[in-house]
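# Coordinate analysis (summary)
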Amino acid sequence: MGYEKNDILTVKIEDMSNDGEGIGKADGYTLFVKDAVIGDTVSCRITKAKKNYAYARLERILEPSLVRVEPRCKFHRQCGGCQIQAMDYRAQLAYKQNKVRNNLIRIGGFEAAYAEKIMEPIVGMEDCFHYRNKAQFPIGVDKQGNPAAGFYAGRTHDIIANTDCALGVEENKEILECILAYMKKYHVPAYQEKTGEGLVRHVLIRKGFDSGEIMVCLVLNEDREKKRDFLPEQDRLVGRLKEIRGMTSVSVSINTEQTNVIMGKEVYVIWGKRGITDTIHILETENFTRTGRGISFLISPLSFYQVNPVQTEKLYSLVSEYAGLGGTETVWDVYCGIGTISLFLAGAAKQVYGVEAVPQAVEDARENAARNGIGNVEFFVGKAEEVLPEKYEKEGVYAEVIVVDPPRKGCDAKVIAAMLQMRPERIVYVSCDSATLARDVRVLCDGGYEVSRVRGVDQFCHTVHVECVVLMSRVEK
Ligand code: SAH
């Protein structure tokens with residue numbers, strides 16, 4: 001029998017989907033209930049019914065799960081950024097471990113027992129709030145017509161004002177309030193997506209947790225440079241922002257396209273330095289204590305930088321352990337960003353080559369090598385799927401170890417093919433999406449590799465996302 005939209009059902013939540021919805025069954029019919037937690041018994045209302053399954057909205061919790069906790073953020077259901085904030089942190093970790101395992105089995109085609117054997121326990125975090133070093137706040141207007149900063153209400157582009165996200169740094173609030181007050185006072189209009197009018201679209205804030213340095217980048221809808229300044233009364237805004245403790249860089253980026261992409265292609269510094277610096281410490285991997293060594297990085301607004309610095313130190317230290325370098329190896333770090341992993345590994349390698357598509361990130365990477373006095377690294381700008389095959393075909397480059405750390409969509413098929421031709425002894429795959437990871441690992445396994453270690457690192461507490469590092473070794477000698 002089927003159900004219809006607006007039907008109300010009582011259901012026990014027995015599992016959770018990859019997107020964090022609670023899954024329950026009613027007469028063999030599957031329900032996906034947003035905001036329900038595994039173990040809850042809930043009453044829910046169907047929002048979209050299909051033949052064998054339906055999506056539903058949580059109406060009332062009849063019996064809370066033992067792993068249900070009081071969410072810290074009052075907006076958590078509306079925002080959708082923290083899909084599993086209502087779940088105890090230990091249960092979140094178990095959910096993520098399970099998600100990686102399921103993807104390896106279902107998408108990667110590995111036997112359950114094998115998946116169990118290669119998986120090491122996920123690395124969690126002690127203090128799992130305020131961990132993000134970066135935030136991008138959309139700017140709009142509230143119901144009274146005042147400028148507002150916050151987040152988009154789940155799946156829409158309506159802005160709900162909140163300057164105090166529980167995952168971000170405390171300075172976000174002060175910085176946003178300063179920008180909003182300036183906008184109000186000088187009648188600087190917020191961008192409106194529907195009409196394409198207005199000036200201020202987004203505010204990017206990034207903080208170096210080790211250095212305490214902060215940068216702010218305002219994304220603008222118009223290039224007012226011809227009118228001397230990018231912003232009206234620009235000096236007033238800069239004057240206030242630079243008083244905030246740690247502020248080292250204020251910049252603007254121009255984005256006049258009607259698009260979901262936040263940043264424009266160029267950044268103009270209007271006060272201070274090009275970005276912030278930060279240090280990532282190298283840890284012992286048995287207990288994640290500091291070795292006393294670290295690498296310092298310059299990060300500019302358009303460059304990628306891992307968002308959770310506490311967990312990044314653990315992640316990179318595991319990458320380094322998995323890479324198993326002895327000082328003689330040639331390493332390729334593909335999708336290298338500002339060269340973080342390249343420089344982390346350089347001390348134990350003969351030579352490291354990095355490949356990265358964003359030119360500003362490569363500029364940062366080269367400067368970062370120089371800052372740390374590291375000479376055995378070289379960086380190439382370009383798409384990995386073009387650079388790697390070309391370097392192999394024209395120059396016959398090789399590697400003992402290849403590290404890849406692609407964006408969520410995973411490695412391009414041409415990158416995988418080039419890696420298989422290069423035949424490194426080991427591949428270390430760092431991934432922020434275990435589904436595309438499992439897909440790519442399957443292809444590499446069919447091409448002569450085997451997976452020996454997999455470990456999740458929780459970089460994104462309270463969200464359904466999980467970072468993973470995988471070690472693969474060549475089977476045929
Ligand atoms: N390893 C780095 C960056 C990982 S994020 C770190 O840990 O900081 C992925 C990086 O891949 C980003 O810097 C992004 O700009 C880059 N990128 C995305 N698509 C790419 C492509 N097709 N070729 C090369 N780099 C790409």
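Note: the structure precedes this text.
A few words on helix α9 (residues 384–395). Compared with an ideal rise of 1.5 Å per residue, which puts 12 residues at 16 Å, α9 spans 16 Å between its outermost C-alpha atoms and is within 8% of the ideal. Within α9, burial applies to Ala384, Val387, Leu388, Pro389 and Lys391. Buried positions along α9 lie against β16 (330–334), β17 (351–356), β18 (377–381) and α10 (413–422). In the stretch just after α9, Gly396 is the one whose phi turns positive, near 60 degrees.

In this description, an aromatic ring pair is defined by two values, namely the gap between the centres and the angle between the planes. Per the counting criterion, the structure on display carries 12 aromatic pairs. Relative to Tyr186, the ring of Tyr182 lies with its centre 5.8 Å away and its plane at 45 degrees, an arrangement referred to as tilted. Taken together, the ring pairs in this structure connect Phe32, Tyr53 and Tyr55 into an aromatic cluster. The side chain of Lys314 reaches across the aromatic face of Phe288, ending 5.8 Å from its centre. The ring of Phe380 has Lys391 lying over it, and the distance from NZ or CZ to the ring centre is 4.1 Å.

Attention now moves to empty space enclosed by the protein. All told, the structure shown has 1 cavity of 30 Å³ or more when counted by the stated rule. Quantified by volume, the largest cavity comes out at close to 40 Å³. Residue classes in the lining of the largest cavity are distributed as 6 nonpolar, 4 polar and 1 charged.

Here the focus is the nonpolar core. Counting residues in each nonpolar core, the largest one holds 56 residues, and the members touching the most others are Trp332, Met419, Val441, Val451 and Met472. Val441 has contacts with Phe110, Tyr429, Val451, Val470 and Met472, leaving out every residue within four places of it along the chain. The next biggest cluster of nonpolar side chains, apart from the first, holds 40 residues, and it includes Ala323, Val352, Ala361 and Ala365.

Let us look at the packing of helix α2 (residues 89–106) against helix α11 (residues 434–446). Each pair of packed helices can be described by the angle between their axes along with the distance between the axes. In the contact formed by α2 and α11, the axes pass within 8 Å of each other and the chain directions differ by 35 degrees. When you trace α2 past α11, the crossing you get is right-handed. Between α2 and α11, the contacting residues are Lys99, Val100, Asn103 and Leu104 on the first element and Ser434, Ala435 and Ala438 on the second. Looking at side-chain class alone, the contact of α2 with α11 contains 4 nonpolar, 2 polar and 1 charged residues.

Strand order in the open sheet formed by 7 strands is β9-β8-β7-β10-β11-β12-β13, and the pairing between neighbours is mixed. The open sheet has two edge strands with one neighbour each: β9 (159–161) and β13 (267–272). The mean angle between the axes of side-by-side strands here comes to 35 degrees, regardless of whether they run parallel or antiparallel. As judged from the 7 bridges shared by strand β10 (residues 200–207) and strand β11 (residues 214–220), these two strands associate in the antiparallel manner. Each bridged residue has a counterpart across the sheet, and for Val203 the counterpart in β11 is Leu218. With respect to the sheet, helix α4 (residues 171–185) is in contact with β7 (134–141), β8 (147–152), β10, β11 and β12 (247–254), its orientation differing from that of β10 by roughly 150 degrees. The strands that helix α5 (residues 234–241) touches are β11, β12 and β13; relative to β13, the one it contacts most, it runs at about 60 degrees.

What counts, and at which threshold
Residues numbered from 1 in each chain as written. Predicted model: local features only at pLDDT ≥ 70, side-chain atom pairs only at ≥ 80, totals over all residues. Heavy atoms only, no water. Helix = DSSP H or I, 4+ residues; strand = E, 2+ residues; numbered from the N terminus. Expected span 1.5 Å × (residues − 1). Buried < 20%, exposed > 50% of the residue type's maximum accessible area, 1.4 Å probe, protein only. Contact = heavy atoms within 4.5 Å. Phe/Tyr/Trp six-rings, centres within 6.5 Å; stacked < 30°, edge-to-face > 60°. Lys NZ or Arg CZ within 6 Å of the ring centre and 35° of its normal. 1 Å grid on protein atoms, 1.4 Å probe; cavity = no way out; pocket = protein on both sides within 12 Å on 5 of 7 lines; lining within 4 Å. Points joined across faces, edges and corners; volume = space filled by probe spheres on them. Nonpolar A, V, L, I, M, F, W, Y, C, P; charged D, E, K, R; others polar. Core = buried A, V, L, I, M, F, W, Y, C linked by side-chain atoms within 4.5 Å. Axes fitted to C-alpha atoms, helices over the stretch in contact; angles between N-to-C directions. Left-handed = near helix turned anticlockwise from the far one by under 90°. Pairing = 2+ DSSP bridges.

Purely geometric numbers; function is a separate question.
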